[in-house]
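Structure assessment
In case you want the letters, here they are:
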Amino acid sequence: MKVIRRRSFLKRLILFLFGAQSAYLLFDFFKGNKEKDLDTEDIFEARHLKDFEPGRIYPFSSGKFYLYKFDDGGVIAVSYRCTHLGCTIRFDEGSGSFVCPCHASAFNIKGEVLSPPATRPLDTLPVQIKNGIVKVDVNHPQKRRRFERSQLVYG
Ligand code: FES
């Protein structure tokens with residue numbers, strides 16, 4: 001009788017350990033995939049968050065975006081593409097705004113339209129801050145109707 005109980009107990013113990021190990025491996029697999037998303041070719045690694053001064057525009061020509069850090073530490077990345085017909089905008093230090101050389105649309109630092117013919121703000125690019133490093137997803141621009149503080153990302 002004791003032998004049977006012991007066998008039954010061992011069977012259950014082995015099943016439990018096998019189940020726990022499987023659950024751990026599944027958890028690790030999915031966790032690992034999430035972290036991999038940050039390292040895909042879509043992600044442009046900018047700099048450490050502390051290397052950005054608040055109130056300054058930082059151009060990243062190879063990523064085709066501008067990054068701006070607000071006084072409260074929030075950052076936003078806006079696309080180089082004008083929302084009128086897609087020309088490349090540039091930042092004009094004198095006016096403190098983005099201007100389009102094609103048809104003269106202008107946008108403020110939040111990407112909001114100051115002058116038409118563009119009718120909607122510059123697209124934002126998803127920003128992730130991981131271990132203090134600002135990473136920008138350059139291949140998934142987000143259209144928006146207006147600037148909202150929820151578009152800012154904090155470290
Ligand atoms: S493409 Fe920018 S204003 Fe027309």
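Fair warning: this is a prediction, and the values are worked out from it, not measured in the lab.

A closer look at the sheet that holds strand β9 (residues 127-130)
- Read from one edge to the other, the open sheet built from three strands follows the order β1-β10-β9, with strand pairing classed as antiparallel. Two strands close off the open sheet at either side, each with one partner strand: β1 (43-48) and β9. Taken over all neighbouring pairs, the strand axes of this sheet differ in orientation by 25° on average, direction set aside.

Details of the packing of aromatic side chains
- Evaluated as defined, the whole model comprises 10 aromatic pairs.
- Summarising the aromatic geometry, the rings of Y68 and F70 are spaced 4.8 Å apart at their centres and angled 90° between planes, so their arrangement reads as edge-to-face.
- Y68 sits in the buried class, given a relative accessible area of 10%.
- Take F70: its relative accessible area is 7%, and that puts it in the buried class.
- Aromatic side chains F91 and F98 sit 5.2 Å apart centroid to centroid with 65° between the ring planes, which places their arrangement in the edge-to-face category. Of the two residues examined, F91 and F98, each falls in the buried class.
- Between R149 and the ring centre of F70, over which it is positioned, the NZ or CZ distance is 5.5 Å.

Brief notes about the sheet that holds strand β3 (residues 65-69)
- Across the sheet, three strands lie side by side as β2-β3-β4; this open sheet has antiparallel pairing. Each edge of the open sheet carries a strand with a single partner, namely β2 (57-60) and β4 (75-79). Neighbour-to-neighbour, the strand axes of the sheet open up by a mean angle of 25°, direction not taken into account.
- As paired elements, β2 and β3 share four bridges and run antiparallel to each other. The residue of β3 that forms the bridge with F60 is F65.

Some remarks on the confidence of the model for the protein
- In the predicted model, the protein carries a mean pLDDT of 86, and the fraction of residues at 70 or more is 79%.
- Counted against residues more than four places away or in other chains, residues 29-36, with its pLDDT under 50, gives one contact.

Points about unusual backbone geometry
- Cis geometry is found at the peptide bond from P116 to P117, where omega equals 20°.
- Relative to the assigned elements, P117 resides in the loop between β8 (113-115) and β9.
- A positive phi angle is found at N131, which is not glycine, with a value near 55°.
- By the secondary structure assignment, N131 is in the loop between β9 and β10 (133-137).

Rules used throughout
Residues numbered from 1 in each chain as written. Predicted model: local features only at pLDDT ≥ 70, side-chain atom pairs only at ≥ 80, totals over all residues. Heavy atoms only, no water. Pairing = 2+ DSSP bridges. Helix = DSSP H or I, 4+ residues; strand = E, 2+ residues; numbered from the N terminus. Axes fitted to C-alpha atoms, helices over the stretch in contact; angles between N-to-C directions. Phe/Tyr/Trp six-rings, centres within 6.5 Å; stacked < 30°, edge-to-face > 60°. Buried < 20%, exposed > 50% of the residue type's maximum accessible area, 1.4 Å probe, protein only. Lys NZ or Arg CZ within 6 Å of the ring centre and 35° of its normal. pLDDT = per-residue confidence, 0-100. Contact = heavy atoms within 4.5 Å.

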